[in-house]
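One letter stands for each residue in the lines below.
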Amino acid sequence: TLSLCVCVCRMEWQPDEQGLQQVLQLLKDSQSPDTATQRAVQEKLEQLNQFPDFNNYLIFVLTSLKSEDEPTRSLSGLILKNNVKAHYQNFPPLVADFIKRECLNNIGDPSPLIRATIGILITTIASKGELQTWPELLPQLCNLLNSEDYNTCEGSFGALQKICEDSSELLDSDALNRPLNIMIPKFLQFFKHCSPKIRSHAIACVNQFISSRAQALMDHIDTFIESLFALAGDEDCEVRKNVCRALVMLLEVRIDRLIPHMHSIIQYMLQRTQDPDENVSLEACEFWLTLAEQPVCKEALSGHLVQLIPILVNGMKYSEIDIILLKGDVEEEDDTVPDSEQDIKPRFHKSRTVTLQHEGGEGEEGEDHDDDDDDDDTLSDWNLRECVQRPALDVLANESGILVLGAIAEGCMQGMVPYLPELMPHLIQCLCDKKALVRSIACWTLSRYAHWVVSQPPDSHLKPLMTELLKRILDGNKRVQEAACSAFATLEEEACTELVPYLSFILDTLVFAFGKYQHKNLLILYDAIGTLADSVGHHLNQPEYIEKLMPPLIAKWNELKDEDKDLFPLLECLSSVATALQSGFLPYCEPVYQRCVTLVQKTLAQAMMYSQQPDQYEAPDKDFMIVALDLLSGLAEGLGGHVDQLVSRSNIMTLLFQCMQVRSVCVWGEEGGVQC
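Thresholds applied
- Residues numbered from 1 in each chain as written.
- Predicted model: local features only at pLDDT ≥ 70, side-chain atom pairs only at ≥ 80, totals over all residues.
- Heavy atoms only, no water.
- UniProt positions renumbered as here; feature names shortened; annotations may be inferred.
- Helix = DSSP H or I, 4+ residues; strand = E, 2+ residues; numbered from the N terminus.
- Buried < 20%, exposed > 50% of the residue type's maximum accessible area, 1.4 Å probe, protein only.
- Contact = heavy atoms within 4.5 Å.
- Areas by Shrake-Rupley, 256 points an atom, 1.4 Å probe, with all protein chains shown as cover.
- Salt bridge = Lys/Arg side-chain N within 4 Å of Asp/Glu carboxyl O.
- Expected span 1.5 Å × (residues − 1).
- pLDDT = per-residue confidence, 0-100.
- Polar contact = N/O pair within 3.5 Å; in protein donor to acceptor, adjacent residues only side chain to side chain.
- Patch = residues over 30% accessible without salt bridge, like charges linked within 9 Å, V, L, I, M, F, W, Y side chains within 5 Å.
- Axes fitted to C-alpha atoms, helices over the stretch in contact; angles between N-to-C directions.
- Parallel < 35°, antiparallel > 145°, perpendicular 65-115°, else oblique.
- Left-handed = near helix turned anticlockwise from the far one by under 90°.
- Nonpolar A, V, L, I, M, F, W, Y, C, P; charged D, E, K, R; others polar.
- Phe/Tyr/Trp six-rings, centres within 6.5 Å; stacked < 30°, edge-to-face > 60°.
- Disulfide = S-S within 2.5 Å.

The protein chain goes by Transportin-1 in an unreviewed UniProt entry, where it is assigned to Oncorhynchus kisutch. Under the heading Sequence similarities (unreviewed entry), UniProt records this for the protein chain: "Belongs to the importin beta family. Importin beta-2 subfamily."

Colleague: Just checking my understanding: could you explain the overall build of the protein chain for this structure?
Modeller: Within the protein chain, the regular secondary structure consists of 36 helices and four strands. Per-residue burial over the protein chain gives 53% buried out of 676 residues. A separation of at least 24 residues holds for 71% of the contacts in the protein chain among residues at least 6 apart in sequence. Accessible surface for the protein chain amounts to roughly 31600 Å². Of this, 50% is attributable to carbon and sulfur atoms.

Colleague: Please clarify how the environment of Q645 should be interpreted in this entry.
Modeller: Along the chain, Q645 turns up in helix α35 (residues 644–648). The spacing of Q645 and E590 is 55 residues in sequence and 9.8 Å in space, taken between C-alpha atoms.

Colleague: What am I meant to see in the pattern of salt bridges here?
Modeller: A side chain of one charge can pair with a side chain of the opposite charge if their charged atoms are brought near each other. Under the criterion given, the structure shown has 25 salt bridges. Residues D174 and R178 are paired through a salt bridge, measuring 3.0 Å at the closest nitrogen-oxygen approach. For R178, a relative accessible area of 31% translates into the label partly exposed. Linked through salt bridges whose partners overlap, the residues forming this network are D222, R254, D256 and R257.

Colleague: I tried to follow helix α11 (residues 196–207) on my own but got confused; where do I start?
Modeller: Owing to its 3.6 residues per turn, the α-helix aligns residues three or four sequence positions apart on the same side. For α11, built from twelve residues, the straight-helix expectation of 16 Å at 1.5 Å per residue is met to within 8% by its first-to-last C-alpha distance of 16 Å. Among the twelve residues of α11, ten are classified as buried, and the element is accordingly described as predominantly covered. Among the residues of α11, I198, R199, S200, H201, A202, I203, A204, C205, V206 and N207 are the ones counted as buried. Elements that come into contact with the buried residues of α11 comprise α8 (150–166), α10 (180–189), α12 (215–218), α13 (221–230) and α14 (237–253).

Colleague: Explanation requested: helix α30 (residues 519–536) in the structure shown.
Modeller: Helix length check: α30 (18 residues) gives 26 Å between terminal C-alpha atoms against 26 Å at 1.5 Å per residue, within 8%. In terms of burial, α30 is a largely internal element, 15 of the 18 residues being buried. Where α30 ends, the next residue or the one after it, G537, has phi of about 60°, a positive value.

Colleague: Even after reading the chapter, I still don't get the confidence of the model for the protein chain, so can you show me in this structure?
Modeller: Confidence along the protein chain averages 83 in pLDDT terms, with 84% of residues attaining 70 or more. Contacts for the low-pLDDT stretch residues 1–10, under 50 throughout, to residues beyond four places or in other chains number 24 contacts. Of the regions scoring below 50 in pLDDT, residues 664–676 engages in 33 contacts with residues more than four places distant in sequence or in other chains.

Colleague: Any chance you could explain the side chain of T290 here in plain terms?
Modeller: Here T290 shows up in helix α17 (residues 278–292). Overall, the relative accessible area of 6% leaves T290 in the buried class. Within polar-contact distance, the side chain of T290 engages the backbone oxygen of E286 at 2.9 Å. Excluding residues within four positions of it along the chain, T290 makes contact with V248, L251 and E252.

Colleague: For this particular structure, what's the right way to read a nonpolar patch on the surface?
Modeller: Taken together, M609, Y610 and Y617 make up a surface patch of nonpolar side chains, about 240 Å² in accessible area. Within the secondary structure, M609 sits in helix α33 (residues 586–612). In this structure M609 comes out as partly exposed when scored by relative accessible area, which is 32%.

Colleague: Help me understand the packing of helix α31 (residues 543–559) against helix α32 (residues 567–581), please; the structure alone is not making it clear to me.
Modeller: Packed helix pairs are specified by the crossing angle of their axes together with the interaxial distance, meaning the distance between the axes. Where α31 contacts α32, the two axes come as close as 11 Å, and the packing angle between them is 150°. In this view, α31 runs roughly antiparallel relative to α32, as classed from their interaxial angle. For the pair α31 and α32, the sense of crossing is left-handed. Facing I546, L549, M550, L553, K556 and W557 of α31, the residues of α32 in contact are L570, L571, C573, L574, V577 and L581. By residue class, the composition of the contact of α31 with α32 is eleven nonpolar, no polar and one charged.

Colleague: Even after reading the chapter, I still don't get the packing of aromatic side chains, so can you show me in this structure?
Modeller: Here a ring pair, both rings aromatic, is described through the centre-centre distance and the interplanar angle of the planes. In total, this model carries eight aromatic pairs according to the counting rule given. Here Y88 and F91 contribute two aromatic rings whose centre-to-centre distance is 5.3 Å and whose plane-to-plane angle is 55°, an arrangement assigned as tilted. The two residues Y88 and F91 agree in class, both being buried. Summarising the aromatic geometry, the rings of F157 and F187 are spaced 5.7 Å apart at their centres and angled 35° between planes, so their arrangement reads as tilted. A residue pair is termed long-range when its members are at least 10 positions apart, and F157 in helix α8 and F187 in helix α10 qualify at 30 residues.

Colleague: Explanation requested: the environment of D222 in the structure shown.
Modeller: Structurally, the position occupied by D222 is in helix α13. Classification of D222 as partly exposed rests on a relative accessible area of 37%. Sequence separation between D222 and R257 is 35 residues, and the spatial gap between their C-alpha atoms is 7.6 Å. One polar contact links D222 to R257, side chain to side chain, over a distance of 2.8 Å.

Colleague: Can you walk me through the environment of S32 in this structure?
Modeller: Examined against the element boundaries, S32 turns out to sit in the loop between α1 (17–29) and α2 (35–48). Of the residues examined, S32 reaches a relative accessible area of 22% and is grouped as partly exposed. Ignoring sequence-local partners within four residues, the contact set of S32 consists of T37 and Q38. A distance of 3.2 Å separates a polar side-chain atom of S32 from the backbone nitrogen of D34.

Colleague: Mind showing me how you'd approach the state of the cysteines here?
Modeller: What makes a disulfide is a covalent bond joining the sulfur atoms belonging to two cysteines. The full count for this structure, using the stated rule, is zero disulfides. C430 provides the cysteine sulfur closest to C432, a residue in no disulfide bond, and the two sulfurs are 9.1 Å apart.

Colleague: Sorry if this is basic, but what is going on with the packing of α8 against α11 here?
Modeller: Packing of α8 against α11 brings their axes to within 9 Å, and their N-to-C directions diverge by 20°. Comparing their axes, α11 and α8 come out roughly parallel. Regarding α8 and α11, the two cross each other, and that crossing is left-handed. Residues Y150, C153, E154, F157, G158, L160, Q161 and C164 of α8 form the contact with α11, whose participating residues are K197, I198, H201, A202, A204 and C205. In terms of residue class, the contact of α8 with α11 is built from nine nonpolar, three polar and two charged.

Colleague: What is the right way to look at unusual backbone geometry in this model?
Modeller: With the exception of glycine, most residues fall at negative phi, and the peptide bonds are largely trans. Although it is not a glycine, R178 sits at a positive phi angle of roughly 50°. Within the secondary structure layout, R178 lies in the loop between α9 (168–171) and α10. A positive phi is found at C496, a non-glycine position, where the angle reads about 50°.

Next comes the structure, spelled out in structure tokens:
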């Protein structure tokens, strides 16, 4: 029997001792790793939540029961935070008032963990609309900043920082009578505080209002910038990180105020980019990215490139721990190891109408640039420092190492051209390196020079590069497979019909990969095949090629259920293949056509049920319908008049009319194309 009694008197709530012991035991049990114990704890929590004053016990343990260990007290606060998120609207006013009062009275707890937990709890309550109905919160927290007790000042600042992060727009609104007009000047006073933790809190609070150009901050912008400059030599890494973050954001919204000081700022950022604390150096790297997008970039950096380029290049070197974590010091064949679900990114359908037209034509204006970063996916799990610094080098450009050579390709192509005839054979040779990491980086780097490669005589570089990339597509390492497949897709886009003489060899490799690839790389393989079809067009319509390509595609098509999202890349691939094969797709068209019609029909039916009874039915994933319509478009384009019989024997025209009635669904466009 649960014994939770509440002692309510005019002075204050006090816990019943028996009830308190039950709560404490529950908190102790909840820290057990035993699954059965955890299940029992969850059941007890659900029971205790039926008692409104249970939350009083939780706040009491957090704020007043200082004899308990800190993890137990903090856990009590976190459980209360979850209750606030889920049930705060059901808290009796006396309980809600008691919790809020206890939070403010104990924000200066001696324990940093408890102070942080109370700050999280305050922010959670505020996020439930309580900033408007808790009028004393902000004034009291701001007043507590003046406390001579460090713990009280730090705890209050911690809570204010969380509120600024979660409610920045509300703080600058008429709904609260614009408290930011008082808070910003208050925060600026603490930039000179003797405690680095307080200084860091103060900068972080103000930083929340830079991007939104809050008027209260704009009124004090010069004071803010001067205060940042005064902290340039701060010894605390968190302070330096927040100063860098502030300058990066100011570069975007108030560059006019920074230009007079740009030389000094650049010198400061050169130092911070080499900061021994990696978090600081990463934040500083964002400065170069942001500056590169500003019109003043060339003028501002012209006198500093000699210093900057070596610093950025040096930052791209792998440390010993990086090599170990990436397993770059060993050769690993892992292509027989199944992928885990977290290895596979969510995929979203992209209409064929944005792809390049056959025979090397241009796509629609502005649409062939959105996927430029796809080639960089092979870098996604590399060192974060490289991921930040590499784009900066894309713009600033210089050379050092395979990775840097790829990074500078776009920004420095004209300067690289004289060196490429000698450099290209070396990079192609790197595809055979014994280390998988080197092979994968070489794939990516070579893909960045694909446009130049295809501009040369085929036997010079295209044929050797294509041959080695195809070998790497069948590499024993999954990372290399992914990089090679992505790089080959880029080469396909650039080479187009230059690949026609090698189609048999290419198809042999890609088809063999069907039986070799695990889940993640199989999705990339679909893209490579679809891109090949887009690039060579009707040249793919040869019996020899069709016999190689279609059986594995249709086998995968038959394996997947209608609800499987792996259909997206496969349907995209088949759409390109159907368009390229033209009449060569006729033997496969009827089951493909019928399944597409079924997918459209199912989605429309589910959409209708959801619109009529949203409480009983889930909203459909319209991507299934969109990708099916896209494949139908490919069939219509490829088969021409042969599609007439399929259309006449189905209700596709009725379904297309219904699609036009649904928002955000693709409809039949010009020349059989599907447009959103």
